[in-house]
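Coordinate analysis (summary)
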Amino acid sequence: MTFVSPEPNAFADAGTAEKKYAVTRNLGELLWIEYPGHFNHALSKAIVTPEVTGSRFFDHRISTYAPGAYVESHSHKVQEQIYHVLAGEGILVVDGERRLVRANDVTFIPPGVVHEFHCTGTERLTFLVITSPPTDDEPQPR
């Protein structure tokens, strides 16, 4: 991981810190993770997250699913998501509607929309996932 400025713990209070810092990441420095609800080698790398970079508004990941891999059906309370397919093909199920998606397809999913994603092709399905806000917690009254 390459930081333009201070060590990773410097971002612990990034949302309230006086000075903001830019962070540069190289994907080769990040480990592949299979998150809960993802199966059969549905892997992701967390690129920009509050824990790693101090981002307040975004969670940005790259995902790659082996043939047969998938994320189970789910929805988000407050999060919006963008799926941007870079390579491969698969079936994105959105509110029960099956959509064939492939390279250069971009899908916006608003909160409350039930969705799941399956790699149905013969090659890996690789896509970006951009989520805002980074957590799915309901806003708290002030």
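This section reports on the structure supplied with the text. (Residues numbered from 1 in each chain as written. Predicted model: local features only at pLDDT ≥ 70, side-chain atom pairs only at ≥ 80, totals over all residues. Heavy atoms only, no water.)

A tally of helices and strands in the protein yields one helix and twelve strands. Per-residue burial over the protein gives 38% buried out of 142 residues. Taking all contacts inside the protein whose residues are at least 6 apart in sequence as the whole, residues at least 24 apart take part in 62%. If you sum the accessible surface of the protein, you get close to 8400 Å²; carbon and sulfur atoms cover 54% of it. (Helix = DSSP H or I, 4+ residues; strand = E, 2+ residues; numbered from the N terminus. Buried < 20%, exposed > 50% of the residue type's maximum accessible area, 1.4 Å probe, protein only. Contact = heavy atoms within 4.5 Å. Areas by Shrake-Rupley, 256 points an atom, 1.4 Å probe, with all protein chains shown as cover.)

Turning to the environment of Ser132, a few remarks are in order. Looking at the element boundaries, Ser132 is found in strand E12 (residues 125-132). Ser132 gets classed as partly exposed once you look at its relative accessible area, which sits at 25%. What Ser132 contacts, discounting residues up to four positions off in sequence, is Phe57, Phe58, Val78, Gln79 and Glu80.

What follows deals with the pairing of strand E9 (residues 97-102). Here strand E8 (residues 89-94) runs beside E9; their pairing, made up of six bridges, is antiparallel. Paired with Val94 across the two strands is Glu97, which belongs to E9. (Pairing = 2+ DSSP bridges.)

The next subject is unusual backbone geometry. Along the chain, Ser132 connects to Pro133 via a cis peptide bond; the corresponding omega equals -10°. Mapped onto the secondary structure, Pro133 falls in the segment after E12. If you check the backbone angles, Asn40 has positive phi at about 60° while not being a glycine. Position of Asn40 among the secondary structure elements: in the loop between strand E3 (38-39) and strand E4 (42-48).

What follows concerns the pairing of strand E10 (residues 106-109). A one-sided burial pattern is seen for E10, the buried positions being Thr107 and Ile109 and the unburied ones Val106 and Phe108. Relative to E10, strand E7 (residues 80-87) runs antiparallel, the two being bridged by four bridges. Across the sheet, the residue bridging to His84 is Val106, located in E10.

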